[in-house]
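# Fold and contact review
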Amino acid sequence: MRRDFESIIDGYLDKRVGVVNDFLSSKLSFDLIGNLKLLYGEEKLRTAGIGNGENTAIEQSIRNDKIFWLDKNELKESETAFFELIDAFVLYLNRTCFTGIKSYEYHYALYEKGAFYKKHMDQFKTDHGRAFSMIIYLNEDWVKGNGGELKIYKKTEVQLISPENRKCVFFKSDELPHEVLVSNKSRMSITGWLKTTS
Ligand code: OGA
Ligand code: NI
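This section reports on the structure supplied with the text. Values in this document were obtained by computation on a predicted structure and should not be read as measured data.

## Here we look at the overall build of the protein chain
- Check the secondary structure of the protein chain and you find three helices and eleven strands.
- Traced from its N-terminal end to its C-terminal end, the protein chain shows the element sequence α-β-α-β-β-α-β-β-β-β-β-β-β-β.
- In terms of overall dimensions, the protein chain is globule-like: its C-alpha atoms have a radius of gyration of 16 Å, near the 16 Å expected for 198 residues.
- Here the protein chain, with 198 residues, has 49% of them falling under the buried criterion.
- For the protein chain, the proportion of contacts with a sequence separation of at least 24, taken over those separated by at least 6, is 78%.
- Carbon and sulfur atoms provide 51% of the accessible area of the protein chain, an area that totals close to 10,300 Å².
- Taken together, the 29 basic and 29 acidic charged side chains of the protein chain have centroids lying 4 Å from each other.

Structure representation (structure tokens):
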């Protein structure tokens, strides 16, 4: 059992948001950053949509990050290591919290300078499969002036989270509205959802 898995879950249970600062090793984060930069250079990232299936629309006034979905059939070594970590986390979560997670989906995301994602919820109205949202940041030497904070709207307070390298954020997808504030610098992450449907 990893102590950081426990802190993610404790944070979620106590404060509705689990945060750990060193979810990824420095090596894993370094390699994933390399992959994402390569994909960006090769122009493989796509402007993200809103909604799912037929409802997907590209609405750049709401979000203008660029994404690349990870495909389990085409993984690089570091991405396989990433999914091994996620598998271990899901196993731990299901065992300790009876969450019944059956599948997940993850994408790389890159916010170019000036990009943002306005206030939203992660669960689609037509698909209730997304149970938990998880964001892992890939930004070395992130400083406050870079902006790009994740702003989470809780019932009685607002929580601002800086997208620092190797940090993981975890919350329930249908519970907390959130937004990404304008980023003054290229901002990278892997974002995913744990699902109760397969
Ligand atoms: C999302 C999202 C938050 C972040 O992709 O749905 O809210 O901090 N991302 O990148
Ligand atoms: Ni979101």
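So much for the structure itself; the text now carries on.
## Concerning the site of ligand 1
- Contacts to ligand 1 come from Tyr117, His120, Asp122, Ile135, Tyr137, Leu150, His178, Val180, Arg187, Thr191 and Trp193.
- Taking His178, its side chain carries an N or O atom lying 2.9 Å from an oxygen atom of ligand 1.
- Protein chains shield 98% of the accessible area of ligand 1, which is 290 Å² for the free molecule.
- Within the residue set of the shell around ligand 1, elements represented by two or more residues are β5 (117–120), β6 (130–137), β10 (178–180) and β11 (187–195).
- Here the residues of the shell around ligand 1 sort into six nonpolar, three polar and two charged.

## Considering the environment of Phe68
- Here Phe68 shows up in strand β3 (residues 66–69).
- The sequence separation of Phe68 and Phe5 amounts to 63 residues, and the corresponding C-alpha distance is 26 Å.
- With residues near it in sequence (within four places) discarded, Phe68 still touches Leu39, Lys44, Leu45, Tyr106, His107 and Tyr108.

## Re the coordination of the nickel ion (ligand 2)
- The protein atoms that coordinate the nickel ion (ligand 2) are His120 (NE2), Asp122 (OD) and His178 (NE2), at distances of 2.0 to 2.1 Å.
- Spacing between the donor residues of the nickel ion (ligand 2) along the chain follows H-x1-D-x55-H. With a gap of 56 residues between them, Asp122 in the loop between β5 and β6 and His178 in strand β10 connect regions that are remote in the sequence.

Rules used throughout
Chains are numbered independently. Their residues run from 1 in the order of the written sequence. Both sets of labels track the order of writing: A upward for chains, 1 upward for ligands. For this predicted model, a pLDDT threshold of at least 70 governs which residues receive local features, and a threshold of 80 or more governs which side-chain atom pairs are given and counted, while totals over whole chains, interfaces and linings are taken from all residues. Each side-chain value is derived from all of the structure's non-hydrogen atoms; neither hydrogens nor water enter the calculation. Only DSSP runs of H or I with at least four residues qualify as helices, and only runs of E with at least two residues qualify as strands; both kinds are numbered from the N terminus onward. We compute the radius of gyration from the C-alpha atoms alone; for a globule the expected value is 2.2 Å times N to the 0.38, where N is the number of residues. Whether a residue is buried, partly exposed or exposed follows from its accessible area with a 1.4 Å probe, protein chains only, as a fraction of its type maximum: under 20%, in between, or over 50%, in that order. Here a residue-residue contact requires only that any non-hydrogen atoms of the pair lie within 4.5 Å. To be clear on the numbers: accessible area is Shrake-Rupley with a 1.4 Å probe, and residue cover counts the displayed protein chains and nothing else. A residue counts as positive if it is Lys or Arg and as negative if it is Asp or Glu; His and the chain ends are not included. Positions of charges follow a simple convention, taking NZ of Lys, CZ of Arg, CG of Asp or CD of Glu. In this text, near means that some heavy atom of the residue lies within 4 Å of the molecule or strand in question. Pairs of N or O atoms are called polar contacts if they sit within 3.5 Å, as long as, within protein, a hydrogen donor faces a hydrogen acceptor (for residues adjacent in sequence, only side-chain-to-side-chain pairs). Each residue receives one of three labels: charged for Asp, Glu, Lys and Arg, nonpolar for Ala, Val, Leu, Ile, Met, Phe, Trp, Tyr, Cys and Pro, and polar for the others, Gly being one of them. Atoms of type N, O and S within 2.8 Å of a metal are treated as its donors, and for Na, K and Ca the window is 3.2 Å; water is not considered, so some sites may appear to be missing partners.

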